[in-house]
Amino acid sequence: LKMSWFRLYLPLHVLMAACLCDSIKAPTTSSQQSFNTGLFNFYHSLILDDGKETTIHLLKDIPKRYYFVLEEGRVLTPFTITVTPCDVPIEWSILVHKASASFLGKATGGDHDTQEVSKSQKAPSMVSTIFNYKGNSVETFMGMSSHSAIYMLEFLSTERDTHITVYLTTDTTSGHLYPELPVDPRIDVIGIGHTTVTLTWKHSPSVLQHRESIQYCLLLNEKHNYKSLCAAETAIRSSGMKLPPTLALSLSPYLLEPQQVMILSNSELSIINKVSSGEVRQICMGSKNTYTVPNLSPDTQYYFDVFVVNLLTNASAAYTGTFARTLEEPEPKVMELKDGKVIQVVLDGKKQKFYSLQYQARHKKIQFTFQLCRGQVQVHITKNGKTVASESISGLRYFSLKGKLLDTYLVQLRSTEDFNSSVKVQVSSHFHKPLFPLLPESLKIKSFSKLRTCNSVTIAWLGTQEESKYCVYKRRIEEDRVWRELQSADRCSGPESRHRSEKVLCKYFYDLNLQRAVTTETIKGLDAGTLYLFDVYLFGPSGIPVRYHSKVVKTRKKC
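Residues numbered from 1 in each chain as written. Predicted model: local features only at pLDDT ≥ 70, side-chain atom pairs only at ≥ 80, totals over all residues. Heavy atoms only, no water.

- As recorded by an unreviewed UniProt entry, the protein chain carries the name Protein NDNF and is attributed to Smithornis capensis.
- The annotation that UniProt attaches to the protein chain under Subcellular location (unreviewed entry) is "Secreted". (UniProt positions renumbered as here; feature names shortened; annotations may be inferred.)

In structure tokens, the structure reads:
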């Protein structure tokens, strides 16, 4: 009798678990075996909450199981389960354990004395799989059940550790957690330009009813479509940065990371993430269902996903993604070079296209000068259609050419790096008025390890036979930024781009004997165990500087 009263006051799901565990028969499949084994541990199992979205973390090849029992008092209960994979494809299934009606009556009806079920009254039971799925799409199962059933959801990731979200609800009368999609959830491309793509999609019924709390967000990238906002955020985080939650994304700029750029204009919020696979851009545009995406690269394929987002719950639903390729940029016009004028050209490393310059000679002898500012550049020069020079340049390079009056020279420039390069170009017939100073044999800066102390370093560089001005600059640098700083340094920029506090000294020197045209300088007042970046600028008669190759030196930690 005491046992009967104890069972009576137990919660329904615990009571059913205890009873059903006694009635389990030998399983017929491995899934049923798993289910039955799980029921014996029901007191220590994970219960899936009704009406709440649950985030579940999965370890590779280790299944995870959740249980739920539907509420008492109703013969048939409708329920819906929505599973959203946030990364790799997963496997998941729903198993149900049902008892007979006579067993149910004995377990839940009559007076207290009849609540106890003896071993001779064991009811027959049945375990069955009612749904299984494998993939990375958002999947929803809708069912109708008796309250005498216990359900188990089993999840498995075979690729790697991941996480998913699961939403169970038995309330079909109130509003949905997830915004509704239209009957046709496709995104239509209605316009394509060189740098723009125009998209439209049918309105979500949820947006039409709740414009203030539900809005559209567009995500674009150059890799592939995403089947959920959860999957998109996971992919961006795996690239090495944090993506703000959708709610914060829509309302709070203070959560932005340094690699993110936020643009707010005309009530639209754009956040741009710079990742290794290209640019990922998220734009929230309120209730507008037509949008022109600006500032795209020509001749590039982009993938577009639209999510309808509930700002109050952070829940979202994904339209069917689409893709489009922007139009190829028209061939650039040939730019005319003017005698003695210096121009700086930025070359797109991604497209690897030639930039063309043309010059018509006014003298028989001319000289082309190229100063590489960043990256690596291939130079190809033709005269009246015939190649006269072709090479990859670094630093400062002169080409002195002979020909006839009115010869036509075509200069083609191309970046050989996968990032943008830049170069300064000049053509001149006035050899007696050099634009750049006379250069030494090498533009390298040397440091002397044995002369390093805790607060000083000694550097040296080559000079020329021409008296020139040299200025030395220094600044502290973090070790993890050295490579990036050296790669991205603009070798055409002069001291005007440096802070006054970085200037160390300026000096004049020369030597007619090139073997002795070397100067050294000891820079003092440094901090111990600290990395410093040193630059030397050489100034010629025209005042245009040439920057030596930067040198990074670390002071001694202990002396």
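Further notes follow.
## What to know about the overall build of the protein chain
Right, on to step 1. Regarding its fold elements, the protein chain presents 8 helices and 36 strands.
Right, on to step 2. By the burial criterion, 47% of the 559 residues in the protein chain qualify as buried.
Right, on to step 3. Excluding contacts between residues fewer than 6 apart, the proportion of contacts in the protein chain whose partners are at least 24 apart in sequence is 75%.
Right, on to step 4. Element-wise, carbon and sulfur atoms account for 52% of the exposed surface of the protein chain, whose accessible area totals about 29300 Å². (Helix = DSSP H or I, 4+ residues; strand = E, 2+ residues; numbered from the N terminus. Buried < 20%, exposed > 50% of the residue type's maximum accessible area, 1.4 Å probe, protein only. Contact = heavy atoms within 4.5 Å. Areas by Shrake-Rupley, 256 points an atom, 1.4 Å probe, with all protein chains shown as cover.)

## Some details on the sheet that holds strand β22 (residues 355-360)
Right, on to step 1. The strand order across the open sheet formed by 5 strands is β20-β22-β27-β24-β25, and the pairing between neighbours is mixed. A strand with exactly one partner marks an edge of an open sheet, and here the two such strands are β20 (335-336) and β25 (386-393).
Right, on to step 2. Pairing analysis gives 6 bridges linking β22 to strand β27 (residues 408-415), with the strands arranged antiparallel. Of the residues in β27, the one forming a bridge with Y355 is L413. (Pairing = 2+ DSSP bridges.)

## Quick look at the sheet that holds strand β30 (residues 457-462)
Right, on to step 1. With antiparallel pairing, 3 strands are arranged side by side in an open sheet as β29-β30-β33. The sheet is open, and its two borders are formed by β29 (446-447) and β33 (518-523), each paired with just one other strand.
Right, on to step 2. Summarising the sheet, β29 and β30 pair through 2 bridges and their orientation is antiparallel. Considered in β30, the bridge of K446 is made with A460.

## As for the pairing of strand β9 (residues 162-169)
Right, on to step 1. Counting buried positions over the 8 residues of β9 gives 8, a clear majority of the element.
Right, on to step 2. The alternating pattern of β9 places T162, I164, V166 and L168 on one face and H163, T165, Y167 and T169 on the opposite face, and all of these are buried.
Right, on to step 3. As paired elements, strand β2 (residues 52-58) and β9 share 7 bridges and run antiparallel to each other. Looking at β9, one finds that K52 is bridged to L168.
Right, on to step 4. Across 6 bridges, the pairing between strand β4 (residues 77-85) and β9 is antiparallel. Looking at β9, one finds that P85 is bridged to I164.

## A short note on the nonpolar core
Soluble, globular proteins show a tendency: their nonpolar side chains are buried together.
Right, on to step 1. Ranked by internal contacts, the top residues of the largest apolar core, which has 24 residues, are F368, F370, I381 and L413.
Right, on to step 2. Taken together, the elements giving at least two residues each to this core come down to β21 (342-347), β22, β23 (365-374), β24 (377-383), β25, β26 (396-402), β27 and β28 (421-428).
Right, on to step 3. With near-sequence residues (within four places) excluded, F368 lies in contact with L337, I381, R397, Y398, F399, L401, Y409, V411, Q426 and V427.
Right, on to step 4. Residues F68, F79, I90 and F131 belong to the second largest nonpolar core, which totals 23 residues. (Core = buried A, V, L, I, M, F, W, Y, C linked by side-chain atoms within 4.5 Å.)

## Things to note about the state of the cysteines
What we call a disulfide is simply a covalent bond connecting the sulfur atoms of a pair of cysteines.
Right, on to step 1. The tally for this structure, following the rule as stated, stands at 5 disulfides.
Right, on to step 2. A sulfur-sulfur separation of 1.6 Å characterises the disulfide bridge that pairs C86 with C230. Measuring handedness by torsion sign, the sulfur bridge of C86 and C230 sits at about 110 degrees and is right-handed. Of the two residues, C86 sits in the loop between β4 and β5 (90-99) while C230 sits in helix α6 (residues 229-238), which places them 144 residues apart along the sequence. Accessibility assignment for this pair places C86 and C230 in one class, buried.
Right, on to step 3. At a sulfur-sulfur separation of 1.9 Å, the disulfide partner of C454 is C559. Linking C454 and C559, the disulfide has an S-S dihedral of approximately 120 degrees and is accordingly described as right-handed. Of the two residues, C454 sits in the loop between β29 and β30 while C559 sits in the segment after β36 (551-554), which places them 105 residues apart along the sequence. (Disulfide = S-S within 2.5 Å.)

## Examining the packing of aromatic side chains
Right, on to step 1. Applying the stated criterion across every chain, the model contains 20 aromatic pairs.
Right, on to step 2. For the pair F131 and F141, a centre-to-centre distance of 5.3 Å together with 45 degrees between the ring planes defines the contact as tilted. Placement of F131 in strand β6 (residues 125-135) and of F141 in strand β7 (residues 139-145) is noted, with a sequence separation of 10 residues between them.
Right, on to step 3. Residue classification places F131 among the buried positions, given a relative accessible area of 17%.
Right, on to step 4. Given a relative accessible area of 14%, F141 falls into the buried group. (Phe/Tyr/Trp six-rings, centres within 6.5 Å; stacked < 30°, edge-to-face > 60°.)

## A word on the side chain of T234
Right, on to step 1. The residue T234 is located in helix α6 in this model.
Right, on to step 2. A distance of 2.9 Å separates a polar side-chain atom of T234 from the backbone oxygen of C86. (Polar contact = N/O pair within 3.5 Å; in protein donor to acceptor, adjacent residues only side chain to side chain.)

## Let's talk about the confidence of the model for the protein chain
Right, on to step 1. When pLDDT is averaged across the protein chain, the result is 79; 76% of the residues are at 70 or more.
Right, on to step 2. Per-residue pLDDT stays below 50 along residues 40-44; that stretch engages in 9 contacts with residues further than four places along the chain or on separate chains.
Right, on to step 3. Counted against residues more than four places away or in other chains, residues 100-123, with its pLDDT under 50, gives 32 contacts. (pLDDT = per-residue confidence, 0-100.)

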